[in-house]
Amino acid sequence: RLQLFLRRVRDRVAHMELLVQDMLGYSRSISEIRRSEWLSAIVADAATEVRENLLARGLAADNVAIEWAVPKDLAVAVSRPHIQTALRHLLLNACEAFLEGTTNLRPGSVRVRAECQEDTAEIVVEDDGPGIDPELLAELREFLPGKTTK
């Protein structure tokens, strides 16, 4: 009973740490200057942050493989903090699709791929989780405040 309580506290603290990081990032002046960055390095850093978050929450991060097919020589002009934050949230959300309850992360995989066409890069994040109920998906696409799948 005590271990379960401590695990829940640890999960909530890890979640609060993410929220605080996001709030600090939001409140600080983040440069919106776009610089040439290696997209594969940004994806790798975001994946590392997600893995560390899962481990801090006491979850078996190795149960979910985060794989990426991003050309190592694909450089994009981006604001790195912004794109890395967005990727971190997408990857974390994809990994959390494998949560059973609050403490078990069942096996699965998350894939990131990127393609460059002319002057744009497309990044796709996919997982083999259970998916979203079509009715709920329609509601989520309305972007209503507070609406979530969790």
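Residues numbered from 1 in each chain as written. Predicted model: local features only at pLDDT ≥ 70, side-chain atom pairs only at ≥ 80, totals over all residues. Heavy atoms only, no water.

(A) Just helix H2 (residues 39-56), in detail. The end-to-end C-alpha separation of H2 is 26 Å, in line with the 26 Å expected for 18 residues at 1.5 Å each. Within H2, burial applies to Leu39, Ser40, Ile42, Val43, Ala46, Ala47, Val50, Asn53 and Leu54. Seen from one end, H2 has its buried residues packed into an arc of 160°, which puts them on one side. Taken from the residues just after H2, Gly58 is the one with a positive phi, measuring 80°. (Helix = DSSP H or I, 4+ residues; strand = E, 2+ residues; numbered from the N terminus. Expected span 1.5 Å × (residues − 1). Buried < 20%, exposed > 50% of the residue type's maximum accessible area, 1.4 Å probe, protein only. Arc of directions from axis to C-beta.)

(B) Quick look at helix H3 (residues 80-96). For H3, with 17 residues, the first-to-last C-alpha span of 24 Å sits near the 24 Å given by 1.5 Å per residue. Burial in H3 covers these residues: Gln84, Leu87, Arg88, Leu91, Leu92, Ala94, Cys95 and Glu96.

(C) Looking closely at the nonpolar core. In this structure, Leu54, Leu91 and Val110 are the most contacted members of the largest nonpolar core, which totals 26 residues. Elements that contribute at least two residues to this core include exactly H2, strand E2 (64-69), strand E3 (75-78), H3 and strand E6 (108-117). With 7 residues, the top contributor of residues to this core is H2. Each residue touching Val110, except ones within four places of it in the same chain, is listed here: Val64, Ala65, Ile66, Glu67, Leu91, Ala94, Cys95, Phe98, Val125, Glu126 and Asp127. (Core = buried A, V, L, I, M, F, W, Y, C linked by side-chain atoms within 4.5 Å. Contact = heavy atoms within 4.5 Å.)

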